[in-house]
Amino acid sequence: MNSHCAHLPAFVDGELPLEHHEDFRAHLLSCEDCAVRFHDLLQADILGRLAHAKAPPTPEATGIPPTPWPLTPSQPAGVRAPPPHPRRWRPHWSHVGALALALAAVGTWAVRVTREPSSPWPAPASTRSLEARLTSEPLDTHRPYVPMRGGAPAAAPLPLRALAGMEDRQDWRGIASVYLLAGDARQALNYLGNAPASPDVDSDRAVALALAHAGASEQASLDEALAVLEDVLRKRPEHPQALWNLALVLRNLDLPLLAADAFDAVATLGEPGWGEEARAKARGLREQTLARGRAWKQAFAATQDLMADANAPLPLEEAAKLPGIVRLAFYDAVRAAPSKDAALRLMPLADALDRAYGGGTVLRATVTRVAARSFQKRGPLARDYARFVRGRTPFPPAFLETLRHSGEDDLYVGALGYELQAGRPVDVAAFARAADGLGDPWFHLIAERERANQEVRDGQWWKAEARVLEALRTCEAEQLDYRCVDLRAWLTDMYLGELHRPAEAQAHALAGWRLAKQQGEWQQERLFLQELAQVARFHHVASTSGAYLRESLARVPDDPAQLGYVHRNLATLAWMDFRVDEARRHLERAMESGVPLGLNGAGVLADLARFGPMPGAADALSRALSGLRQGQPRPGERALLDALQGEFELERDPAAGRALLHGALTQAEHAPDDMYARRARARASAALISDAGRTGASLEALTLVGRQLQMTEVPERCVLAVSVQHERTLTVARGPSGAVLGDFNPTRTAPLGQDASGLVPPALQEALRGCDQVLVLAPPPVNGLPRLLPPDIAWSYRSGHTTVRPPPLVDGGTHLVVSNVDTPAALGLPRLPPMSPPTREDTRRVMLEGARATPARVLEAMSTATEVEIHTHGVFSPELSDASLLMLAPERDGRYALTARQVRAHGLPKAPLVFLAACGAARTAPFTHESFSLPVAFLDAGARAVLAATVDIPDSAGRFFNDVRERIHAGASPSVALRDERQAWLQASPGDRWVHDVLLFE
């Protein structure tokens, strides 16, 4: 300690003479001991002052919930969030100049010549270190942005006195701004949650959301920030800070053209400094992006004359930069070469491409092989091939048959490839054999893709999936990046369209998008923007989906096909968010493009029919459905198309509409494993249920709900059915007397939230009061939402497939308990407290703990269990899985998560009673056509009943689940046991609101 250290208490108390401040500030920045003591003393001072201050207004007086003071002697101020989850490079708009901020903080906040409250904001510096814009006026003065370099800064001390004054004034937005400047976005979010809603508060909240992604996916944080900013701009389109922050979020989502448009919108506001910076940013983003597009278009143009002009220059430079599209053109040029010399002229291009693909002689061998052919025979075939390709006409069947027997397999493969690309019928087996026979891995990968397509058409999707995954491994080993991107697109479409597995689709879409950008493949990059838009739509992230779509349109704004595609999908997104007029406008734009509306557009047309006639809708729907019915649609596809037509007709000709819907439902039930059939069943059922409710046929509606859930019989008493068809909600109850009571509400104006509160009217709740227990029949999207009924009613969600069973037998097999799990250290998950020992001897108890609790061992042990308890961490991330994951000990290959798909595939032959004491284990993916969650997976695998929570649960939850289990052993049914334990728990601990979100699935 030197002499300066002795001045610290006086400096903190404001009693150090002003002439000594500059020297002491310099010392404070270099003395670690003083820095720590300074912070502690300042906190002690402010806490003492708060203790003697008058009590703040009560929540009842202010209408604002109290906020606990976040800084205590045991909780350091300025705590930094952990580093973000790695995703991709992003500009450092979150870096704070901590050293400069600390200087300013000491100079501005610690000086107290008087006891008057000082400004919480440091004196403006010449530059800013936070790229985002905050709405507090003193912080929005423009200064050049200079990001911190060399890593994250040290945490800056916070102005505790100023914060206390701001808290007294309930200036929650101001406090949040202080925390944002100090780099603590999570604390900022806490305070912004107390502020009354306003565009300014939401703009700042979006900044905090974008920065507060520590320990989670940056993608999810940016998704949420984008949604908040778009909502602000719908209310105030020229909100300057929201426009600026929107541009930053779009840029960080790698959507540069949309970001440039947002910066341009800021520039038009004419704000000093901000306008100039916005124009510069927009210009840089646009020029860099469009330059890549120009390079691709130039390379593509350089290949177009290779087939037609024997003297066309060889695109050797382009082959080095963009080998994918050049290789495509090379193959066509070799096929079209009418002579040996014309083929050999391509040898330098073959060598350039071989070099671009890492060496080897595959393409040189192609030229050598073709040049050795007899051109007296091959020449005329090559000329005809070139004529058909240049003319963009179908290859005549007779010509294809000639090629098949000519021995010129490369011409045969090329011609069939064009036929496949055009969607015309092809002998896939013959094509694949010929492609493999060329000895070029490029064509082997295409052959595997087409074999997989045939397997999908034959209903053998599992074979197709395995084949393409293996082809992808081969592709990556051969470094054939262009073909790898193509396979990623195939897998994305497969996981979305056929299997409805958006998490896996997202992984392949992101990988394909990055690879396309890395390779400069502008066209493939644009197509993956559309793939990512569909993934986001399936995840119900409408704002991000729309942003991907608009970015793809900005790449080719004058293409009618792209215009139609984007606007019909934007119509779908607007419909999902209950913006009916906007959906109608987008659909009209799509119809004006002259391009058929496709499946999504047809679906929105069918939905909008409920909101009145739309000019041209009937003709547009007819054209769309006719186009989709061309070829040989599978039964599930036919059922879905009939369902869409039935929904549309239901509003014009009810009898015809009902007939179509009943027919679609019957067709769909005959193809239960087909994804299109499941969608058809969901749409047809929802429409018929709503129609029955609208006409007062409540009993018919109840029967239809049971049919949708595949129940062989519906109980005649103590049953509740709840069906939501977008804006329409139908509830039907049968109480202990069996009397039927229904309620139809067609006025919903927002999507369902995180719980089902308010869905069941009070009159229907009262009708169920006399029931010992209530079975709830709720198709998606209601199934799995908590708080559907009051806590004093015993109820459970019923999944179908069977008649009502007696309570689960629990004495015929083992009692498996998974606890005290050694999750991977890299996850940073705290170890849960050990399980309490059983209150009585349990000879059936089998423990899996520590490193032994791996997914494989847990699955194996569940095979003999009649009771299963899993006490571990639960995680829900749509990027990893479409349902919650249970975190277990890692296998030898590193896998540590138990997923719903693993459970469903494994089977539970002993029909166990399952307790999932893990955070969010009952979280349900927001799919409208099927319920997908861990509890549903356990039921599908054979479990009799599953208890799980939809929210995070405390360590004490293990005792709650165990007490429910004890009540069941004492003879109570699971729903009664859950109800009674919930009531007892709330009576003892009224603040434990999480127990409302523990659900029973039977």
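Fair warning: this is a prediction, and the values are worked out from it, not measured in the lab. (Residues numbered from 1 in each chain as written. Predicted model: local features only at pLDDT ≥ 70, side-chain atom pairs only at ≥ 80, totals over all residues. Heavy atoms only, no water.)

A. Structural detail: the overall build of the protein. For the protein, the helix and strand inventory stands at 42 helices and 14 strands. When the 1002 residues of the protein are sorted by exposure, 54% land in the buried category. Across the protein, every contact between residues at least 6 apart in sequence was considered, and the portion connecting residues at least 24 apart equals 67%. When the accessible surface of the protein is split by element, carbon and sulfur atoms take 53% of a total near 42800 Å². (Helix = DSSP H or I, 4+ residues; strand = E, 2+ residues; numbered from the N terminus. Buried < 20%, exposed > 50% of the residue type's maximum accessible area, 1.4 Å probe, protein only. Contact = heavy atoms within 4.5 Å. Areas by Shrake-Rupley, 256 points an atom, 1.4 Å probe, with all protein chains shown as cover.)

B. Representation of the packing of helix α25 (residues 481-498) against helix α26 (residues 502-519) in the model. Running from amino to carboxyl end, α25 crosses α26 at an angle of 155°, the nearest separation of the two axes being 8 Å. Judged by the angle between their axes, α25 and α26 are roughly antiparallel. Remark: the crossing between α25 and α26 carries left-handed chirality. Contact residues: α25 offers Asp481, Cys484, Val485, Arg488, Leu491, Thr492, Tyr495 and Leu496, while α26 offers Pro502, Glu504, Ala505, His508, Ala509, Ala511, Gly512, Leu515, Ala516 and Gln519. Taken together, the residues that form the contact of α25 with α26 break down as 11 nonpolar, 4 polar and 3 charged. (Axes fitted to C-alpha atoms, helices over the stretch in contact; angles between N-to-C directions. Parallel < 35°, antiparallel > 145°, perpendicular 65-115°, else oblique. Left-handed = near helix turned anticlockwise from the far one by under 90°. Nonpolar A, V, L, I, M, F, W, Y, C, P; charged D, E, K, R; others polar.)

C. A look at the state of the cysteines. In this structure the tally under the stated criterion is 2 disulfides. Linked covalently through their sulfurs, cysteine 475 and cysteine 484 form a disulfide whose S-S length is 2.1 Å. Where cysteine 475 bonds to cysteine 484 through sulfur, the torsion about that S-S bond is close to -120°, and the disulfide is left-handed. The same class applies to cysteine 475 and to cysteine 484, which are both buried. Disulfide pairing places cysteine 718 opposite cysteine 771 at an S-S distance of 2.2 Å. Across the S-S bond linking cysteine 718 and cysteine 771, the dihedral sits near -95°, which makes this disulfide left-handed. (Disulfide = S-S within 2.5 Å.)

D. Looking closely at the confidence of the model for the protein. With 83% of its residues at a pLDDT of at least 70, the protein reaches an overall mean of 85. The model gives residues 45-118 a pLDDT under 50, and that stretch makes 152 contacts with residues more than four places away or in other chains. (pLDDT = per-residue confidence, 0-100.)

E. Spatial organisation of the side chain of threonine 866. Take threonine 866: it is sitting in strand β8 (residues 865-871). Within the local environment of threonine 866, its side chain forms a polar contact with the backbone nitrogen of glycine 813, the two atoms lying 3.4 Å apart. Polar contacts involving the side chain of threonine 866 include one to the side chain of arginine 844, which spans 2.9 Å. (Polar contact = N/O pair within 3.5 Å; in protein donor to acceptor, adjacent residues only side chain to side chain.)

F. Summary view of helix α8 (residues 185-192). Along α8, the residues that are buried comprise Ala185, Gln187, Ala188, Tyr191 and Leu192. Each buried residue of α8 lies within a common arc of 155° when the element is viewed along its axis, so the set occupies one face. Here the buried face of α8 lies against α6 (160-168), α7 (172-181) and α9 (199-211). (Arc of directions from axis to C-beta.)

G. Inspection of the environment of glutamate 713 at higher detail. Looking at the element boundaries, glutamate 713 is found in the loop between α36 (698-708) and β1 (719-725). Its relative accessible area of 48% is what places glutamate 713 among the partly exposed residues.

H. Spatial organisation of the nonpolar core. Leu250 and Phe330 are the most contacted members of the largest nonpolar core, which totals 151 residues. A per-element tally of this core places α25 first, with 10 residues. By size, the runner-up hydrophobic cluster in this structure holds 56 residues, among which are Leu764, Ile793, Val868 and Phe938. (Core = buried A, V, L, I, M, F, W, Y, C linked by side-chain atoms within 4.5 Å.)

I. Fine view of the sheet that holds strand β9 (residues 874-875). Taken together, 3 strands build an open sheet; the order of strands is β9-β10-β11 and the sheet is antiparallel. Edge positions in the open sheet fall to β9 and β11 (897-898), since each of these has one partner strand only. The pairing of β9 with strand β10 (residues 885-887) spans 2 bridges and is antiparallel. Counted as the bridge partner of glycine 874 is leucine 886 from β10. (Pairing = 2+ DSSP bridges.)

J. Structural context of the pairing of β8. Of all 7 residues that make up β8, 7 are buried, and the element is covered over most of its length. In this sheet, β8 lies alongside strand β6 (residues 814-821) in parallel orientation, the contact comprising 5 bridges. Counterpart to valine 817 in the pairing with β8 is glutamate 869.

K. Summary view of the packing of aromatic side chains. Taken as a whole and judged by the stated rule, the model has 25 aromatic pairs. Aromatic pair tryptophan 513 and tyrosine 548: ring centres 6.0 Å apart, planes at 85°, arrangement edge-to-face. You can see tryptophan 513 sitting in helix α26 and its partner tyrosine 548 sitting in helix α28 (residues 542-555), a full 35 residues away along the chain. Note on accessibility: tryptophan 513 and tyrosine 548 belong to one class, buried. One aromatic cluster is present, built from ring pairs that chain together Phe330, Tyr331, Tyr357, Trp442, Phe443 and Tyr482. The ring of tryptophan 274 is capped by arginine 133, whose NZ or CZ atom sits 4.1 Å from the centre of that ring. (Phe/Tyr/Trp six-rings, centres within 6.5 Å; stacked < 30°, edge-to-face > 60°. Lys NZ or Arg CZ within 6 Å of the ring centre and 35° of its normal.)

L. Spotlight on the pattern of salt bridges. Counted according to the given criterion, the structure contains 69 salt bridges. Taken together, the shared-partner salt bridges connect Asp607, Arg610, Glu647, Glu651, Arg658, Arg683, Asp691, Arg694, Glu727 and Arg728 into one network. (Salt bridge = Lys/Arg side-chain N within 4 Å of Asp/Glu carboxyl O.)

M. Region of interest: the environment of leucine 229. With respect to the secondary-structure elements, leucine 229 resides in helix α10 (residues 218-235). For the pair formed by leucine 229 and asparagine 245, sequence separation is 16 residues and the distance between their alpha carbons is 7.7 Å. Excluding residues that lie within four positions of it along the chain, leucine 229 makes contacts with Ser203, Ala206, Ala242, Asn245, Leu246 and Val249.

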